[in-house]
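Descriptive structure summary
Chain by chain, the residues:
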Amino acid sequence: MLRFLPNARHLLHVAGPLQRCNGPLIIAPFTTTAPASLKQLPPRPKPPPESEIEESFLKGSGPGGQKINKTNSAVQLRHIPTGIVVKSQATRSRSQNRKIARELLAARLDELTNGTQSRTAIVAEVKKKRAASKAKKSRRKYRKLAEEQEKEGEEEEEGGEDEDELEEGSRSDEVEEKTKITGSINTTGTQVISQGTG
């Protein structure tokens, strides 16, 4: 949302950073840079040249209805030098499946040539570390919660014994008070209560 302020040479940009200028109005773009501490992933691998690829179109199978089963929208690529074969029928569109199949083939070739240094291996390792960190954090949380519950249980047990002793003492005091208060009923049927002094 942009607003011009009357008699002012600057722009109030509600959704982002401000820049003051004397000339034309300039809006600073948002930056979405990752923190420098994160390890940079290698670039996505490029697909091999078309001369090394043998492409064929197949009928799809599985869910998707008649459109999938009757049209040749599934794409199968074979990399001639290595013999790697990939098949894509992610969508009903042949052109999208061609693009996806080339990306899959490029990733498979990257795994073959770079091994543990390939993009897919590094991404898998990062995901594995995140999952392990998340699980560790969860275990730590529930361990702390269990320790707090145990501590509260111990305090309740210790506090419960003291409360029992206090309750027994207060009950005996109540019994003594009741014995001190004596009541008698007069002849009119009303109860007269008198409290003893002793």
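Residues numbered from 1 in each chain as written. Predicted model: local features only at pLDDT ≥ 70, side-chain atom pairs only at ≥ 80, totals over all residues. Heavy atoms only, no water.

The name given to the protein chain in an unreviewed UniProt entry is RF-1 domain-containing protein, and the organism recorded there is Chaetomium strumarium. Listed in UniProt under the heading Sequence similarities (unreviewed entry), the comment for the protein chain reads: "Belongs to the prokaryotic/mitochondrial release factor family." Note on the protein chain: under the UniProt heading Subcellular location (unreviewed entry), the record states "Mitochondrion". (UniProt positions renumbered as here; feature names shortened; annotations may be inferred.)

Moving on: the packing of aromatic side chains. Any aromatic ring pair is given by two values, namely how distant the centres are and how the planes are angled relative to each other. The full count for this structure, using the stated rule, is 0 aromatic pairs. Across the ring face of Phe57, the terminal group of Arg94 is positioned such that the distance to the ring centre comes to 4.1 Å. (Phe/Tyr/Trp six-rings, centres within 6.5 Å; stacked < 30°, edge-to-face > 60°. Lys NZ or Arg CZ within 6 Å of the ring centre and 35° of its normal.)

Right, let's get into the sheet that holds strand β4 (residues 74–79). The sheet built from 3 strands is open, its strands ordered β3-β4-β5 with antiparallel pairing. In this open sheet, the two edge strands, each paired with only one partner strand, are β3 (53–58) and β5 (85–88). For this sheet the average axis-to-axis angle between neighbouring strands, irrespective of direction, equals 20°. Sheet topology places β3 next to β4; 6 bridges connect them, and they run antiparallel. Counted as the bridge partner of Ser56 is Gln76 from β4. (Pairing = 2+ DSSP bridges. Helix = DSSP H or I, 4+ residues; strand = E, 2+ residues; numbered from the N terminus. Axes fitted to C-alpha atoms, helices over the stretch in contact; angles between N-to-C directions.)

Side chains that differ in charge, positive against negative, can pair when their charged atoms come close. A complete count under the given rule lists 5 salt bridges for this structure. Note that Arg102 and Glu50 form a salt bridge whose closest N and O atoms lie 2.9 Å from each other. In this pair, Arg102 sits in helix α2 (residues 94–114) while Glu50 sits in the loop between β2 (11–13) and β3, placing the two residues 52 residues apart along the sequence. Judged by its relative accessible area of 10%, Arg102 is buried. Of the charged contacts, one joins Arg102 and Glu55 as a salt bridge, the two residues approaching to 3.1 Å between their closest N and O atoms. Of this pair, Arg102 sits in helix α2 while Glu55 sits in strand β3, and the two are 47 residues apart along the sequence. Among the charged side chains, a network of salt bridges with common partners joins Glu50, Glu55, Arg98 and Arg102. (Salt bridge = Lys/Arg side-chain N within 4 Å of Asp/Glu carboxyl O. Buried < 20%, exposed > 50% of the residue type's maximum accessible area, 1.4 Å probe, protein only.)

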